Structure formats: structure tokens, C-alpha cells
Amino acid sequence: MQRTGVKMAAASSFTEISCWDRDTVTKWREFVINTGVPPIPGGLKHPDGAGGFFYEQSSQLLSCTRNRIIHWTTSGDTLQLLEVSLDVHLLYNAIQLKVVNCNILPGGVRIYETQNNVIILFVTNQTVHRLVLPHPFRMYRSDLITESTVQSIFTDIGKWNFRDPTNCYVIQAVPGLAPTSTASEAWLGSDGEAIFALPSATGGIFIIQMPPFDVYGQVNTVELKQSSVMQRLTGWMPTAIRGDQGPSDLPISIAVHCLEYDAFIFALCQDHRLRMWSYKDQICLMTVDMLEFMPVNKDLRNTVAVGHKLRLSFSPSTGLYLGIYLHATKRGQFCIFQLVSVEKNRYSLDRISTLFSSQERLIDFRITSTDIWAVWQDDESQTIIKYINFEHSNAGRWNQVFAQPLPEEEVNVGDDQDPRETYLERLFSPGRFTSTAFLKALKIFHRGDDRILEPSWDALRKEVIRAVESEIQGNVTEYEFSQEEFRQLQVQFWSKFYACCLQYQESLSYPLAILVNPDNNMVCVLKKGFLTFLVPCALVDHLYLSSDEYLLVEDDSVISEDPDTAQDILSLVQCLRLINEAISMEMAFLMESALWQLQSPEKTAEKILNELLANDTENVIEDIQNKLQDVRNLVSALNILLREMCYEMELERNTNPDQPLSVRLNLSHMYGSGLAVSAVCQSVYWIAVTRFQMCRDILVLVQFVLRLGDPAFPGGSEQLFQLQQDTVQQASRLLWSYYLVLWTSQCETSNVPVDTLESNLQHLSVLELSDSSAFIPQKTTSGPQTVVELFFQNVARKQIISQLFSQTGATPEQMTLNFPEVITAVISYLMQHLWPTGSSFLFPESLMGCCQYSQLQEYLRLLQPWCDVNMGSCSFMMGQCNLVMGEGHKALERFCEVASVVGKEDFLDKLIRGEEDEAASTPRMQYYNKVLRLLEDMGLPELVIQLASIAISETANDGKSQAALRTRIFKHHLDLGHNNEAYEALTQNPDPSRQLDCLRQLVVVLCERSQLQDLVDFPYVGLHDEVVGIIESRARAVDLMTHNYYELLYAFHINRHNYRKAGTIMFEYGMRLGTEVRTVRGLQKQVNCYLAAINCLRLIRPEYAWIVKPASGAGFERPGASPKRTHDGEYATVPVNRQVEILELKDLEKEYMLCRTRMTLAQHDPSTAAIAGTASATEMVSLLVQAGRFDSALGLCQIFKLPLKPVFEGLAYKCIGLQFGGEAAETSAWDWLASNPLSSIITTKETSATDEAWRLLSSYLDKYPSQNAQHHCCVIKKLLSHGVPLPNWLVNDYKQVNAAGLLRLYLNFDLLEEATELVVEYVDALLGKGHQYFGIEKPLSAVASVVWLPYTAIDQLLQALGETPPNGRSDQLRQKLLNKLEDYHSQVRQATEDFTYHRRRL
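The following paragraphs examine the structure supplied in this document. What you are looking at is a predicted structure, and each value in this text was computed from that prediction instead of being measured. (Residues numbered from 1 in each chain as written. Predicted model: local features only at pLDDT ≥ 70, side-chain atom pairs only at ≥ 80, totals over all residues. Heavy atoms only, no water.)

### Some thoughts on the overall build of the chain
Piece 1. Helix and strand content of the chain: 48 helices and 34 strands.
Piece 2. Across the chain, contacts joining residues at least 24 apart in sequence account for 64% of those joining residues at least 6 apart.
Piece 3. If you sum the accessible surface of the chain, you get close to 64,700 Å²; carbon and sulfur atoms cover 48% of it. (Helix = DSSP H or I, 4+ residues; strand = E, 2+ residues; numbered from the N terminus. Contact = heavy atoms within 4.5 Å. Areas by Shrake-Rupley, 256 points an atom, 1.4 Å probe, with all protein chains shown as cover.)

### Some remarks on the packing of aromatic side chains
Piece 1. Within the structure shown, the criterion is met by 40 aromatic pairs.
Piece 2. Relative to Tyr 927, the ring of Phe 876 lies with its centre 6.3 Å away and its plane at 65 degrees, an arrangement referred to as edge-to-face. A residue pair is termed long-range when its members are at least 10 positions apart, and Phe 876 in helix 24 (residues 871-884) and Tyr 927 in helix 27 (residues 923-937) qualify at 51 residues. Taken individually, Phe 876 and Tyr 927 each receive the classification buried, so the pair is uniform in this respect.
Piece 3. Between Tyr 927 and Tyr 928, the aromatic rings sit 5.9 Å apart at their centres with planes inclined by 50 degrees, giving tilted as the arrangement.
Piece 4. Accessibility expressed as a relative area gives 1% for Tyr 928, which makes it buried.
Piece 5. One aromatic cluster is present, formed by Phe 841, Phe 876, Phe 895, Phe 907, Tyr 927 and Tyr 928 through successive ring pairs. (Phe/Tyr/Trp six-rings, centres within 6.5 Å; stacked < 30°, edge-to-face > 60°. Buried < 20%, exposed > 50% of the residue type's maximum accessible area, 1.4 Å probe, protein only.)

### Regarding the pairing of strand 20 (residues 273-278)
Piece 1. Counting buried residues in strand 20 gives five out of six residues, a clear majority hidden from the surface.
Piece 2. Hairpin connection, strand 19 (residues 263-269) to strand 20: the antiparallel pair is bridged by three residues, and His 272 has positive phi, about 70 degrees.
Piece 3. What sits between strand 20 and strand 21 (residues 283-289) in their antiparallel hairpin is a turn of four residues, with Gln 282 showing a positive phi close to 65 degrees. (Pairing = 2+ DSSP bridges.)

### Regarding the environment of Ala 1035
Piece 1. Along the chain, Ala 1035 turns up in helix 33 (residues 1024-1037).
Piece 2. In sequence terms Ala 1035 and Glu 1047 are 12 residues apart; their C-alpha atoms lie 9.2 Å from each other.
Piece 3. Filtering out sequence-adjacent residues up to four positions away, Ala 1035 remains in contact with Leu 1040, Tyr 1045, Tyr 1046 and Arg 1072.

### Some words on the sheet that holds strand 3 (residues 49-54)
Piece 1. The mixed open sheet is built from five strands, whose spatial order is 2-7-5-4-3. If you trace the sheet from one side to the other, it starts and ends with strand 2 (29-33) and strand 3, each paired once. Mean inter-strand twist for the sheet, computed between neighbouring axes without regard to direction, equals 20 degrees.
Piece 2. Sheet topology places strand 3 next to strand 4 (residues 68-75); six bridges connect them, and they run antiparallel. (Axes fitted to C-alpha atoms, helices over the stretch in contact; angles between N-to-C directions.)

### Quick notes on the packing of helix 13 (residues 601-614) against helix 17 (residues 674-708)
Piece 1. Between helix 13 and helix 17, the shortest axis-to-axis distance is 8 Å and the interhelical angle comes to 75 degrees. The orientation of helix 13 relative to helix 17 falls into the category roughly perpendicular. On helix 17, the residues touching Pro 601, Glu 602, Ala 605, Glu 606, Ile 608, Leu 609, Asn 610, Leu 612 and Leu 613 of helix 13 are Leu 699, Val 700, Gln 703, Phe 704 and Arg 707.
Piece 2. When grouped by side-chain class, the residues that make up the contact of helix 13 with helix 17 number nine nonpolar, two polar and three charged. (Parallel < 35°, antiparallel > 145°, perpendicular 65-115°, else oblique. Nonpolar A, V, L, I, M, F, W, Y, C, P; charged D, E, K, R; others polar.)

### Regarding the sheet that holds strand 22 (residues 309-315)
Piece 1. An order of 22-23-24-25 is seen for the four strands of this open sheet, with the pairing classed as antiparallel. Bordering the open sheet on either side are strand 22 and strand 25 (346-357), each of which pairs with just one other strand. Between one strand and the next, the sheet's axes are offset by a mean angle of 25 degrees, whatever the strand orientation.

### Notes on the environment of Asp 1371
Piece 1. By the secondary structure assignment, Asp 1371 is in helix 48 (residues 1368-1401).
Piece 2. Sequence-wise, Asp 1371 and Leu 1361 are 10 residues apart; in three dimensions their C-alpha atoms are separated by 7.4 Å.

### A few points about the nonpolar core
Piece 1. Of all hydrophobic cores here, the largest spans 229 residues; its most connected members are Phe 533, Ile 624, Tyr 671, Tyr 738, Leu 830 and Tyr 927.
Piece 2. Filtering out sequence-adjacent residues up to four positions away, Phe 533 remains in contact with Thr 15, Glu 16, Ile 17, Cys 19, Ile 69, Leu 86, Met 522, Val 523, Cys 524, Leu 675, Ala 679 and Phe 819.
Piece 3. The next biggest cluster of nonpolar side chains, apart from the first, holds 77 residues, and it includes Ala 1172, Leu 1256, Leu 1279 and Val 1319. (Core = buried A, V, L, I, M, F, W, Y, C linked by side-chain atoms within 4.5 Å.)

### Overview of the side chain of Thr 1168
Piece 1. You can see Thr 1168 is positioned in the loop between helix 37 (1145-1164) and helix 38 (1169-1172).
Piece 2. On the basis of relative accessible area, Thr 1168 is assigned to the buried category, the value being 15%.
Piece 3. Not counting residues up to four positions away in its chain, the partners in contact with Thr 1168 are Leu 1161 and Ala 1162.

### Section: helix 30 (residues 979-987)
Piece 1. Here helix 30 has its buried residues at Asn 979, Ala 982, Tyr 983, Ala 985 and Leu 986. One side of helix 30 carries all its buried residues, which in axial view fall inside an arc of 160 degrees.
Piece 2. For helix 30, the secondary structure elements touched by its buried residues are helix 29 (959-976), helix 31 (992-1009) and helix 32 (1012-1017). (Arc of directions from axis to C-beta.)

### What about the environment of Leu 578?
Piece 1. Along the chain, Leu 578 turns up in helix 11 (residues 563-582).
Piece 2. Each C-alpha atom, one on Leu 578 and one on Asp 623, is 8.0 Å from the other, the two residues being 45 residues apart in sequence.
Piece 3. In contact with Leu 578, other than residues within four places in its own chain, are Val 620, Asp 623, Ile 624 and Lys 627.

### Some thoughts on the packing of helix 15 (residues 634-645) against helix 17
Piece 1. As a packed pair, helix 15 and helix 17 sit with axes 12 Å apart at the nearest point and diverge in direction by 160 degrees. Taken together, helix 15 and helix 17 sit at an angle that is classed as roughly antiparallel. Relative to helix 17, the crossing made by helix 15 is left-handed. Facing helix 15, whose interface residues are Leu 634, Leu 638, Leu 641, Leu 642, Glu 644 and Met 645, helix 17 presents Arg 691, Met 694, Cys 695, Ile 698, Val 702 and Val 705. (Left-handed = near helix turned anticlockwise from the far one by under 90°.)

All quantities given are derived from atomic positions and should not be read as evidence of function.
Below, the structure is given as C-alpha cells:
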């Protein structure tokens, strides 16, 4: 049902909205002003007072003083000043001034502003004071406020000198102030001087003038006399000279109107006369007797005026208006005058209007150029606020202001309710009690204990519980009592505490003043404990809340253009009011309880009707029936009321992006303070309360009409049918809607930890609904906060303000604010956002964003049975609540329900609007993707799998969606360790590229988890080559020592009996280990790899036992890697026609032995691992020789057919070292000797390392013979080159094989003596003496084989001996050699002759 058809006009009434800061205690900064005056003996105690100040530009949209107020209260010697703003939070905004031994006059505070300063003037019964503070324009860098928290003008007040004589003046005792009058006035002169007007004790007006605050000067005092003479107090004349002046002239109310160079002082005196003085000319310009304007004044003529009040109002268009309230017993009268200038210095009053009031005790009133606003308190201490347009009043009828009621006096505690929890809920419900009321009540319970409480509502709540529980325990006199007795005790003391709080709340609600800002039409009521705002009341609420006396004189044209329709509506409203008055609290609770339990409101209304019929002792039902007879068209009247109460309309979304950023930032803070948030949301609450009751009463009335039937229904059966079919349904929907708004206005928010909030925002960022920063809760108070306040403060407010000011044609600089219009529009927009059946779904979305899931879940529960709007969106929200509450399967059911309505609701459209996944071809698929991502982000893989499986069944013909969903299923099965299910999902993926990606991920993950058996066992039908390629690429791309892809591939091939491929993989693995992992562990793995490769080839028939050697470099590159480029950026040429190298089993065995040797060496000396890892066989021999591992070196030489010479040379060098190395060398030699064990062990004697080394050398020479004893030769060369004497065994061994070679070695190393001896021995051996030592089988003889001598070497020896410098030894050696040669030659000749002889004989 939308708001169409007949539209009611705006009402003329207002609703009072209480607003107070819910921080526990206002942080007042206290300052004591001690002027040194003594207290006045028997001085009168003045009543409390209050007032306020609006900045001149408070109505300007872009002013820094927009919506900014300073208000104050006075009590005794204390003045409390508080600066508040509807837009921003003000720091250091509360000060408390205490003037020692003085009482501040109730109306003695005035605030003025200049271009640079805000000046506060206040008056006590003994002193006057001036405070000068910086103006907000001077405090901020710009007129535009772009921050949510700014400093108050009171920030630096501590620097002010309160006792400066130019700003503080003590009033002299003569003439002194009138003790019975509290009238006062203060203003700024044209030159900036501060002027105070006070009632003099003699009946005149006492003037005190302070010089401008920035000019040094003296304080001047003067007195305005009835004789129009101004006399200075310094020249005070005695009474006889100045004449007598009776106390009847004493001013009881003073007001001032400032002119450019003068000021008119108006004084309403005790003699009922109004006197106007010229401050400049020092004369009384006018005297008017106010009793002349009263109809009956005889009783007042002889009495002293008490309770008269005077107020002024000036506007350039209308001039100066005077509003005078004349008080009489049991009645009062307002007279409005306009000041008229007759001629120079002659003035008169032109009466504009006279208005009467029956209320007796007027608290305060204000006038504007058109209206009077007044606040009274009746005999029952009820606050009454009214206003009237004095120019166009309708028979003097005042317009109503529906005052804020106090909390209910009694709390009903149900039988199934806990008394403590019930009372705590009522006490701490937002907007019911101030913290001050709690503190005062606690002092009563603490019996004077003034403990300082922690400034938090949680601490205050705990203290209340402690105090009441302490009282209960203190009154328990028996050890045992029944549960019912304890319950009664609880109710007794909790109700006592509640009554205390209610009493103090009532005291704090006492009105002190009313404020009216004529610039923006803001009206405020200042009370003892807080501030209230007057908000326009809608006509439908006005009619329902107004009493019968107002309804009887209500203007029909305001209700409807049709008089008959207007009368029908008035009669209908009277019926509803009768029902409302007849419904008891129990009946009202019955409807609320039914809705909370999701029961039918129609049936509940019928139950209430039955109760009314059964308990109708005052004939209310008869009165209702009589009133119904006056309604001509009941259905039409009901429909008009229902339409007026409905907010089901389309929200406009106009914004103005062309506004400068600073302007947008400034507007974003409008109504952002806790005061404004409280005012707006309290207004929403009272609208919901009123209209909920109204809808309830409509349902009861309709049920009554339906029960009456056709005979009693004037509309006939057709309208009765329409009433039953349409009106009941509409009223029920409205009742539900307002109940929900009412519930949200009372439902408190939950305190959410920052980390929980950040986690929630992270999850919701997946949904891409809006900027996540908009959902960061910013509490405006430390006290309880409702979800509506949270929503308005953080989300709705900025949108509403932007929407409100984007619809006007004026620029922001030209716009002025009208408070009633703005706040009415803001409330209306907020109601539209909160309306359950409206187009906006922002409220539930904000609850989700602010992590208020318990409240959101309850909100959706209350929506479920009746709301048919945004059903899919509500299901989605409920699913999100279930997710957060840990009910994943319920959430999944909700999400699946939503899929069928995707594309039909705005919120769901926004949900999928940011989805740009190419795989999502339909809105439903986009929705599934969003939800799947949400579930993934919240870490719920099981739900992802289930939802993806459901989505697959709906996308049978969509290959892309199928591929994306099966990929998701694969991923989460794999994450959960469901390897078989993951493999199955992989094989069912229709997209080859995604399938390959999944396969690659499967391989990597299972390898990382070491679940290799599963990886090897999968059949990989049609994917065998891909698997191998993936594993190979991974094996070649990752660190060899961290991952075991080569081993996996080996197992994979072995499992499939592909031994050659398995051997190739292990050989490649070994090659890479040798080049990349040069450690002992790497060499060990390399040995195992080569051994595994050898085993693989041995399992193959010999003719197939070969592999292709993997190529280095490019052969290890990953498949699909980007091509390499040169330094010029060109593609590098890829080598072609690589030569293929075939490796057989023997080649692998050789590599195995080489690798094993490397490992052995590295194990012996780990420092050599890096070098040995890639060393060739030749290099390895050298390394082994250096390490003393000669056995291994000789074995390697044998395998790779390398010469053994380096080994023998190395061993010979070792022996040399031992020969001359000493004990240290001997000790260290045992290590390498132990690695070369000898076959024979000497046990007959002790042996040394040197002996063992020589024995090892000897054994190797014997074990590894060579042609011409080359090994002996190299050993001898090594020894001789180091000057080491040759061991006899070595000489004997060598000369037996190659005596000529030994001779040449002697000659090469210039060992002439040894060479000579060798030749002599050799000749002797040829001649038959010791021939066996030279390997000669038969010595020289005619029948033996031919023998020979190395003549060349011998000739060299002879030459060398001959060239030696002459000495006896060389000559002897040469001669000895020659003699031996001569003997040899003779024997040769003889043998030759014998041989010849024998040949001849033969």
C-alpha cells in the first residue's frame, strides 16, 4: 500500500523529544571565582535558572556554527555552561563556574558574539563578570568543518583571569541591589563595553559599565532615576535631597533593545507599569500602566506585581515587539505590543494581540515576530508547552506541544520473568533514565556513600545490581524461605530503586526555560538535567494524541478539502481514542506479546475486543457505537488514515556529485553528533509508539464493526466485505511494520570487538555490496545505543543528508536551514529506510555490516510470517546470520532458497552487480559464485562443495559454469584431504585447461602431504602423459632436497612396469644432484639414484638395457616456460640437432662407481664435497691421492683405465713427508693409512707409520706391475727429486727389472758414485756374479744368450766422472769403472771366440 490519493496537510502541533548525552557523567571542568566578598546574612536563595544562546549564523548551511548552541543552568553559586552541536562532537565543552559567597541570578546570564569573540556576561547578587572567548571562526582554519570532532570555545578557558578588575566588579553596598528582585539584563555597547542593568534597592535601575575588554579603563556605575536624573554613586545624595521613591517602582523584569548608538531599557515594575529608559539620554521615555489592558484589574491594582514577565522580539520587517505576561491568580494574560515612535523621544505602544491562558504557573516564554512559545507546570507537576500565532490566532486557541512523558510508574513483572532482569531492562533501556538519576538513586541506597564510579554504563549497571542485591541480603532475616518469598523480596527492592530513579528523573525533567531561534525556527526546552527539542507532529499523530476539546474545534480544511471526509476522520479518531483509553496495560501487553510470538494480530485484536466487552463498566462500547453512526464512509476514512501512516514509497536516489569535496565532507557531518542522533531516533520511536497504538485500535474497531454486521453498519454489505478483505489486511501490515520499527528503536546494539568487526568486514567485502568503511560502527556515546541509532549514525544519515540537499536548486552557500522542515524530512527519510515493506533494504544490510547478527536474526524472524517484500533478500540475510552463528547447514538451505528469486529484488541485483566472472553466464550463476566465495572466505569447504554440487545440477548445458564449479569442488575436496573425490571431480571437468590445472595442483598437494601412494595409484585414464609431464616439470623446477618429485616419478613408472623410464628418471635425478647439491647428503642420494637406475636396467632384457642420457641445460627447463632472450631482447636461438648419447648398463656402473668414490671421499672429508660433486675421474684420482685414499684411487684408475703414475707419485710423496715429518706427521698418518689396509700384518716387531707407508708403497708396486717398471721409475724420480735416499728394496726391485733405467736416473740426479757402483755390479752380474739380482737368467758365456750393456749411459758416466774436478774419489771411481769394463770386454772377447769356435765345429 503506497501513499497515494488524499493527502493530509501538515499539523500545527509539535512533539517534545528528550535528548541527553548517555555518557555516564558529564565531564565538567570546575573553576572557582573568589572575589573576596563575604556572604550576605540571611540572603534569599534564588530559584534555579537556565538560558541559551544561538550563533548568528547557526542557520547557514556551510557555517562552522551551524546547529550549534550554548546553554546554561544556574543553581545557587554555580553556573554550568555547556556548548553542544547537532553536527559534531565538541571537546572540552562543559565548564562549571562557582562564585564564592554569591548567588547567581536566575536570568543573569547573557552571551553575545562579535566578529572575533564570544562574550559571556553574568550577574550574581554581589558581583558582575565578563568572560571573553574566541569565536569559532577564529578557532578553525576554515568555515567548513570537515572533521567529526572539534574543540569547543571553552577549550582554553583555563587561561582566563577571572579576577581581572576590568572583567569582574563587586557591587557596592550603597545603593546596592534590591534583595527581593532577581531581574537583570546585560548587553554590549556600541564600542564593545559591557553594560549591566540591575534593580536598585531604592527602586531605580542600577547600571554598571565595564570598558571594552581590550581597553584599559575603570568600571563606571550609574543609577537611572524616576526623576530622569542620572547621578553617579561617587556623589550619592541623601534621601532628603533626592526625594522619596517607593518600592512599588522596583523592576521585576528587565529587557534591553540595542540601537546603533543607544539602548532602550524596558522595566516591568511592581506597580504593574512598564517604563522605557534611554541609556544614552538618561531619561525615561515612556511609562505605560499594564492594568489598563486587563479586563478585570481591581484586585491587582492594590497588590504588588508578582510573576509578570517581559520579553522582546525584533526583526527589520516588523520592528520591535514587546511580549508581556501579566500574572493573576488562576489566570494569566499575554499582551503583545509594537513600539511606535510618535515624535522625537516620544514613544507609545500599539497593542497587537491579547491572549489568555488558564494555566497558573508560567515557567518561561519567548516571542518571535509571529508566535508566542510558553512553558508551564500544572498542579500535578506536569509540563505543559504551547505556542500560538498572535497575529492569526483562531479564537485564541493555543497549539499543542505533546510533552515527553516520564517513564511508566510501574513495571509489570510476568510470572515467567526474572524481576531483576525485567527491571534492569526497563531501567537501562535507551532514552528512559539519565545517568544522573541513577547516581542520585545510588546515593540513597548507599546511604551517603559518595564513591566515584567508573565512567561507563557497564560499571553503572553493575553498581546498581550490587546496591539492590545488597539491600535484599540485608533484609533477609531467615536462613530458609521459599522461592516465591524471595521473588517478592526482589520485586519489593527493585521497585523501590525504580521509584527512586523515577523520582529523580522527574526532578531532572523540571523545565527551566524555553529557547527559540528565529533564524532557523528551532525551539528547545531547557530542563534541569537535559535538553529537549520540539519536532513537528504529523497530522495523523496530532489527531490521535489531541484531546476532545481540540478535536471539536479542529479546522476541517486542514484534514481534507471535503468537509464530510474531514468529519468522518474526526469521528473515527474519536472512536480510536475511546478504544485507546479503555485498553488496559494488560490488554496492550497482550498485543505486543502476540506479535513477539508471531501470532495473528487480527485474532489478538478480537481477544482485546472480548475483554473490552466483558469489562465495559463505563459504556465505552456504546459511545463508540454512537460515534460510528456519525461516520458516513468508514472504509474511506480508514483508508485515508492508513495511507497517511504508510511509508511504503520509492526512495529517490538523487545526489549532487558536482559539489566540492569540502562541501560534501561538511554535509557528511550534519546531524552526526550524539545529540542529533538521539533526537532523530527518539522521534522515530515516538512516531512508532503512537502509530502502533493507532493501528492496534483500528484493528479492534474493525473487529467490533465486523461483529456488529450489516444491521448496524451504515455502509452496507459491500463496504463491510471491503472492510473485512482489504482494510483488515492493510491495518495488520501497518501494525506489524510499526511494531518492527518500535522494536528496532528499543533494541540495543552489541559491543563488537575490533578484531571481530574487522573479520566480519573482510568476509563481507567478498559480497562487494558497498564501501566497507561505511559499516565501521562509530558510537556517539559510551552508553546504550539502539540499532536504529547505529544505523542512522553510520549509514543512513549521510545518504539522507545528501539526498535532502541535492534536491534544492540553490547553492549550498545560499541555503539556510529551517530546523522543523529539515528534521521532519530527515525523520521521514529514515522511516522510509526502516520501513519493512519499503524499497530500501539498507537497514538489514547495515546490521550485517556492523556485525549485529543477533539483532538482525530477530528482526528477520519478526518479518518472516507476514512480509512478502524482499523475501529472497531476507532469506539471504538469515543465511548470513546462520553462518555467523555456526549453523552452516541452515545457512546453505537459506542460500539455496534465494537462488529462485535472483534478479527480482534490488538487493540481490546489487549483490550480483559486481560479479564479472566470465564463467557466470546467468544471474543465478553469478549469485552462486558470490555465495561460494563468501563460504570460501569464511572457511567452510564442506558447504562450498554442497552448494557447488547443487549449482552443477542447474547448469547442465553450461560448459564454462560446469568447469568452474567442478574446479571449486576439486579444490575443496583436495583441501579437506578427500583425495579420491578430488580425483573424481578432476576427471569430470569438461575444460581441458582447468583439468590440467587441477591435475597439477593434485600432484603438488599430494606430494607436499607425502600422500604419494594415492598419487601413484590413481589410474589417470587419458591423462598419463599429462601427469608425467607435470611431475617432470615440477621435478625440474623445484629444490631437489626439499621435494621428492623424482622419487615420485620413479615410483610412478615402477608401478606401471616402465623400468627404462624409471631408470632414466633416476639417472637424471642423480645428474642434477651432482651439479646442484654438492653436499654429503646429495652425494649419498646420487649414489642411491645411480644404483636404482642400474637395478632398473638389470630388470630389462640386455638388448633393451640402455637409456638416453638427459641433456643438460635446456633439457631441465620447465615445459611451457617463456622463451629465453638475448641482451638485445631478441629470442635466443634454440640449439638443434643435439647429439643423442646412449648409456648402457656398463656406463651406468662406471658412473655409479665414480659417484660412490665421491661419496666416500666426502664422508672422509666433508669440505671436499663441493669440489668432488662434479669432479671427473681424473680429478677424483688427484683428490683421493691428496686425501690418502690410495686404494680407492687405484680402483678408480682401473675402472676408467687411467694411468697409475699419479697414485704412486702421491704415495711416494706421503712417504717422504713421513720420513722427515717427525712425530706429528707420524700420528696423523695413521688416519689415511687405516683407509688403505695391507693384506699382511707384521706382528714380530713394533712398526711405525713411516714403515707402514713404505710397506704400502712396496705392496702397490708389487700388486700393480707395469711395463719396464714405470711405477718404480716414477717413485724413484719422486724420491730423488726430494733428495731422499732410495730404499734398498726399491733399488733392488727396480734394477732387477730395468738396471739401465736406474742408471739413467742416477745420472739425471748426478749420483755418480751410485751409478758407478751400479755399473760395476751390473758387469759382475753379466759375468756371473749375482746375476739373479739383475734378472739375468744366464751370465756371459759362449753358450748363453746374448747380453748387453748400456754403453751410452756408461759413456755418459765416464764423461761425467772425467769432467768432475780432480779429486781422489772421482778418479778412483773412474778407474774402477774402466778396469771393470776392461775385464768385461776381455770376457766378451773370450766368449765370442768360444762361440765362434763352437759354431765352426758345428
